[in-house]
Amino acid sequence: MGKPTGFKEFNRELPKTRNPKERINDYKEFYLEFEEEKTQQQAARCMDCGIPFCHHGCPLGNIIPEFNDAVYEGNWELAIQILSSTNNFPEFTGRICPAPCEASCVLGINKPPVTIEHIEKSIAEKAFELGYIKPQPPKTRTGKKVAVIGSGPAGLAAAAQLNKAGHWVTVFEKDQRIGGLLRYGIPDFKMEKWVIDRRLEVMEAEGIQFKTNVHVGTDITAEELQQGFDAILFCTGAGIPRDLPIPGRNLKGIHFAMEFLTQQNKRVSGDSFGETHEIVATDKNVLVIGGGDTGSDCVGTSNRHRAASVTQIEVMPKPPKSRSEDYPWPNWPMILRTSSSHEEGCSRDWAILTKEFVGDEEGNLKAIKLARIEWKVNDQGKPYFEEVPGSEHEIPCELALLAIGFVHTDPKGALPELGVKLDGRGNIEATEGRYQTNIPNVFAAGDARRGQSLVVWAISEGREAARAVDQYLMGYSELETKDDSLLNVAKAG
Ligand SMILES: Cc1cc2nc3c(=O)[nH]c(=O)nc-3n(C[C@H](O)[C@H](O)[C@H](O)COP(=O)(O)OP(=O)(O)OC[C@H]3O[C@@H](n4cnc5c(N)ncnc54)[C@H](O)[C@@H]3O)c2cc1C
Ligand code: SF4
C-alpha cells in the first residue's frame, strides 16, 4: 500500500470532460488530459483493505490494490504486468466498463470510491506510450489449429490467450472490420476506433490470423471448419435484437438501435454501407425506446446529427438516486445513471408504455402513442403494471429507435450444421467454467453463451473458454484463470 493516509488526503477526482455543447460537434472521446501525478494521488486513495471486494466485483478478477500501489509508486511496468495478467484489453475496459469494481470498493461505503476504471485506462495508455505493450509471440507452437468465430471482445480475448498457449488461431468475422460491438455498437465518442486498431496490430504481429467478410455457415461451412481445425470456439454475440410488435411497426422511420449506430460508426470510419438506406436524425423528433446504455448511445448520436428533439423512454420505473435496501453494498446497485450523452441534452421519462406508431398517408412515422403506467406486485410477489387511466397521449416523432435489448445469438448457419444445442433462451448451451457445447471440440463464450452482457464479461469468458479449449487440446493448460489471479501477483512481482 503506497500511502496509508491517501484516502484521507485526496478526494475522488476524474479528468474533466469537454463542454457538452462543443463535443457534440464531433465524434471524438470527451475526457481531457489528466496529470500523471493526479492519477498517482487517485491510486493512493486505495486502502489496500484486508478483503479487496473490488477484486471480486470485477468479472476479470483484476488485482486492483496491487496495481494501485504500483501506480502510486510510479512503477508503470509492474502496473501493466499485474493488470495484463487478468485483462487482455485494459485500454477497452478503462474506457467503457461500467466499473462494477467501483460499486464494491470498500472506500465507497462512506466516501466516493477509488477511480479504478480511470487508473486502469491510465496504466494501459502509459504502457503503450513507454513500449511495455509489444508483440509477444509464443516461443513454441503446438501445431494445433483453433477457429474463433466472431471478433468481439470475447473472440479477441480468446484468440490472444489461445495464441499465447502456442496454438495457431484464425478469427473469422462476417463484418468488414474486426471488433464486434466494440467497433460497430459503441460510438466513437465513448471509444475511438484507433484504440482497437492499435491492439490488433499487436495481435497480428503475435501470429493471429484475422479473416473479415467471412460469414461462417455461409462463406465457410461447418464441415470445412471441422476438417480444417482441431477446435472451434463460437463468440458470435447476441445479435438478434428484441422487437416491439405493436400497431404501426411497419411504418418508415422505425429502426433497431444497432442499424442506426452501425451506420454512424461506419460513417466515422469512412466505410460504405452498401445498399443500405441511410438513417439520419437531423431535424427529426427522435424517440429512443429503452432506457439502457444502447439507448443512451442513440441519444448521443442523435444530438450529433442535430435532431430537432431527443426523448428517451423506459417502461421500468425511475430508479432511486442512491442505493436502496434491495441493493446493499457491495452489490451492483440499480440507481439512476446519467451518461455523458444525457448531459448533452435529452428528455427522459420512466414507466412509459409505447402503445402505437402513428403514420401519415405515405406510410412515414409521424407520431407515437404513449401511456403512463403504474408498477405493482401481485400476491405471488411478481411485478406487473397497470395503465394509468386517462394518461394516453401522442408525441410527434419521425424517427423511433428500438433499444430494448437483444434476444439471443443467430441460431442459423453453422450452429445447426454442427448439431450444437441451444438453451431455453436461445443462447448456445455450454456451462460456465467449461464452455464446452454438446459437441466435444466446439466451445462458446461471451454474449452468444451468456446472453447480452458487458465487454468485461465477454473478455472474462473469452479468457476462461480459451483455457478450456487449451485443456481439451493438450490435456492440461498453463493459461491463467481468474481463480489463481492472486498467484499471478506473485509471478508479476
Ligand atoms: C450499442 C451498444 C453499446 C454498448 N456499450 C457498452 C459499454 O459501454 N460497456 C460495456 O461493457 N458493454 C457495452 N455493450 C455490450 C457489449 O458491447 C457486449 O456485451 C460485448 O461486445 C459482447 O462481446 P462478444 O464478443 O460476446 O460479442 P460481439 O461484440 O457482439 O461480437 C460478436 C461478433 O461475432 C460476429 N459474428 C456473428 N456471427 C458470425 C458468423 N456466423 N460468422 C462470422 N462472424 C460472426 C459478429 O459480426 C460480431 O462481430 C454495448 C452493447 C451495445 C449494443
Ligand atoms: S475491468 Fe471493469 S470491473 Fe474490472 S477493474 Fe476494470 S473497470 Fe473495474
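Residues numbered from 1 in each chain as written. Chains lettered and ligands numbered in written order. Predicted model: local features only at pLDDT ≥ 70, side-chain atom pairs only at ≥ 80, totals over all residues. Heavy atoms only, no water.

**Some details on the overall build of the protein chain**
Then comes step 1: Of regular secondary structure, the protein chain possesses 20 helices and 16 strands.
Then comes step 2: Here the protein chain has a C-alpha radius of gyration of 23 Å; the compact-globule value for 493 residues is 23 Å, and the two agree.
Then comes step 3: Structurally, the protein chain occupies a C-alpha span of about 70 × 65 × 50 Å along its principal axes.
Then comes step 4: Of all 493 residues assigned to the protein chain, the portion counted as buried reaches 52%.
Then comes step 5: A fraction of 67% describes how many contacts in the protein chain between residues 6 or more apart in sequence connect residues 24 or more apart.
Then comes step 6: For the protein chain, the accessible surface area stands at approximately 22500 Å², while carbon and sulfur atoms represent 50% of it.
Then comes step 7: The protein chain carries 57 positive and 70 negative side-chain charges, and their two centres are separated by 2 Å. (Helix = DSSP H or I, 4+ residues; strand = E, 2+ residues; numbered from the N terminus. Rg over C-alpha atoms; globule rule 2.2 N^0.38 Å. Buried < 20%, exposed > 50% of the residue type's maximum accessible area, 1.4 Å probe, protein only. Contact = heavy atoms within 4.5 Å. Areas by Shrake-Rupley, 256 points an atom, 1.4 Å probe, with all protein chains shown as cover. Lys, Arg positive; Asp, Glu negative; His and termini not counted. Charge placed at Lys NZ, Arg CZ, Asp CG, Glu CD.)

**Quick notes on the sheet that holds strand β14 (residues 399-402)**
Then comes step 1: Spatially, 5 strands are ordered β6-β14-β7-β8-β9 in an open sheet, and the strand pairing comes out parallel. Each edge of the open sheet carries a strand with a single partner, namely β6 (254-256) and β9 (347-349). Between one strand and the next, the sheet's axes are offset by a mean angle of 20°, whatever the strand orientation.
Then comes step 2: By the bridge criterion, 3 bridges tie strand β8 (residues 309-313) to β9 in an arrangement that is parallel. Paired with Q312 across the bridge in β9 is R348. (Pairing = 2+ DSSP bridges. Axes fitted to C-alpha atoms, helices over the stretch in contact; angles between N-to-C directions.)

**Focus: the pairing of strand β11 (residues 365-377)**
Then comes step 1: Taken together, the 7 bridges between strand β10 (residues 352-359) and β11 define a ladder with antiparallel strand orientation. Bridge assignment links G359 to a residue of β11, and that residue is L365.
Then comes step 2: Bridge count for β11 against strand β13 (residues 393-396) is 4 bridges, and the pairing is antiparallel. Looking at β13, one finds that I368 is bridged to I395.
Then comes step 3: The hairpin formed by β11 and strand β12 (residues 383-387) contains 5 residues between the paired strands, and G381 there has a positive phi angle of roughly 80°.

**Re the layout of surface pockets**
Then comes step 1: By volume, the second largest pocket is sized at about 1300 Å³.
Then comes step 2: Lining the second largest pocket are 37 residues, and of these S84, Q136, Q161, K164 and E480 lie nearest its centre.
Then comes step 3: Going through the elements one at a time, α6 (76-84), α10 (153-164), α12 (194-205), α19 (455-474) and α20 (485-492) are the ones with two or more residues in the lining of the second largest pocket.
Then comes step 4: Looking at the lining of the second largest pocket residue by residue, the class counts come to 15 nonpolar, 11 polar and 11 charged. (1 Å grid on protein atoms, 1.4 Å probe; cavity = no way out; pocket = protein on both sides within 12 Å on 5 of 7 lines; lining within 4 Å. Points joined across faces, edges and corners; volume = space filled by probe spheres on them. Nonpolar A, V, L, I, M, F, W, Y, C, P; charged D, E, K, R; others polar.)

**Quick word on the packing of aromatic side chains**
Then comes step 1: One pass over the full model with this rule turns up 6 aromatic pairs.
Then comes step 2: Plain terms: the ring middles of F172 and F229 are 5.8 Å apart, the flat faces sit at 90° to each other, and that makes the pair edge-to-face. Here the residue F172 occupies a position in strand β2 (residues 168-172), and F229 occupies one in the loop between α13 (222-228) and β4 (231-234), the gap between them amounting to 57 residues.
Then comes step 3: Cation over ring: R23 sits above F30, and NZ or CZ is 5.0 Å from the ring centre.
Then comes step 4: R141 extends its terminal NZ or CZ atom over the ring of W168, reaching a point 3.9 Å from the ring centre. (Phe/Tyr/Trp six-rings, centres within 6.5 Å; stacked < 30°, edge-to-face > 60°. Lys NZ or Arg CZ within 6 Å of the ring centre and 35° of its normal.)

**Structural notes on the site of ligand 1**
Then comes step 1: Neighbouring residues of ligand 1: 34 residues in total, closest I96, E173, K190, D447 and V455.
Then comes step 2: D175 places a polar side-chain atom, nitrogen or oxygen, 3.4 Å from an oxygen atom of ligand 1.
Then comes step 3: Measuring from an oxygen atom of ligand 1, one finds a backbone N or O atom of V455 at 2.9 Å.
Then comes step 4: Expressed as a share of its isolated accessible area of 1000 Å², the protein-covered part of ligand 1 is 93%.
Then comes step 5: Where the shell around ligand 1 is concerned, the elements lending two or more residues are α10, α14 (257-269), α15 (293-304) and α19. (Near = heavy atom within 4 Å. Polar contact = N/O pair within 3.5 Å; in protein donor to acceptor, adjacent residues only side chain to side chain.)

**Concerning the nonpolar core**
As a rule of thumb, soluble globular proteins bury nonpolar side chains together.
Then comes step 1: Counting 68 residues, the largest nonpolar core has I123 and M203 as its most contacted members.
Then comes step 2: A domain split of this core shows at least three residues from each of domain 1 (6-134) and domain 2 (145-239 + 407-482).
Then comes step 3: Counting residues in each nonpolar core, the second largest holds 21 residues, with I428, A430, V442 and A444 among its members. (Core = buried A, V, L, I, M, F, W, Y, C linked by side-chain atoms within 4.5 Å. Domains from an automatic or database assignment.)

**Structural notes on the site of ligand 2**
Then comes step 1: Close to ligand 2 lie C58, N62, I64, T93, C97, A99, P100, C101, I116, E117, E120 and V456, which account for all nearby residues.
Then comes step 2: Only α8 (100-103) and α9 (116-129) provide two or more residues apiece to the shell around ligand 2.
Then comes step 3: By residue number, the principal contributor to the shell around ligand 2 is α9, which donates 3 residues.
Then comes step 4: Considered class by class, the residues forming the shell around ligand 2 number 8 nonpolar, 2 polar and 2 charged.

**Details of the sheet that holds strand β16 (residues 442-444)**
Then comes step 1: Pairing in this open sheet of 5 strands is parallel, and the strands run β3-β2-β1-β4-β16 from one edge to the other. Across the chains shown, the open sheet's two edge strands, defined by having one partner strand only, are β3 (209-211) and β16. Strand-to-strand twist of the sheet, defined as the mean angle between neighbouring strand axes without regard to direction, takes the value 20°.
Then comes step 2: Sheet topology note: the strand β1 (residues 145-149)/β2 ladder contains 5 bridges and is parallel. Considered in β2, the bridge of A147 is made with T170.

**So, the domain arrangement of the protein chain**
Then comes step 1: With domains assigned, the protein chain is organised as domain 1 (6-134), domain 2 (145-239 + 407-482) and domain 3 (246-404).
Then comes step 2: Between the C-alpha centres of domain 1 and domain 3 there is a distance of 31 Å.
Then comes step 3: Between domain 1 and domain 3, the residue contacts involve 16 residues of the former and 16 residues of the latter.
Then comes step 4: Summing the contributions of domain 1 and of domain 3, the shared interface buries around 1400 Å²; its carbon and sulfur component is 61%.
Then comes step 5: Counting the surface domain 1 buries against domain 3, the share from its top three residues, I24, Y27 and A103, is 46%.
Then comes step 6: For the interface between domain 1 and domain 3, the tally reads 2 salt bridges.
Then comes step 7: Taking the shortest distance from any N to any O, the salt bridge between E343 and R23 comes out at 3.1 Å.
Then comes step 8: In this structure, the connection of domain 1 to domain 3 is made through 9 residue pairs in polar contact (both at pLDDT 80 or more).
Then comes step 9: Elements with a contribution of two residues or more to the side of domain 1 that touches domain 3: α2 (20-23) and α8.
Then comes step 10: Grouping the amino acids of the side of domain 1 that touches domain 3 by side-chain chemistry returns 12 nonpolar, 2 polar and 2 charged. (Buried area = accessible area lost by both parts, 1.4 Å probe. Salt bridge = Lys/Arg side-chain N within 4 Å of Asp/Glu carboxyl O.)

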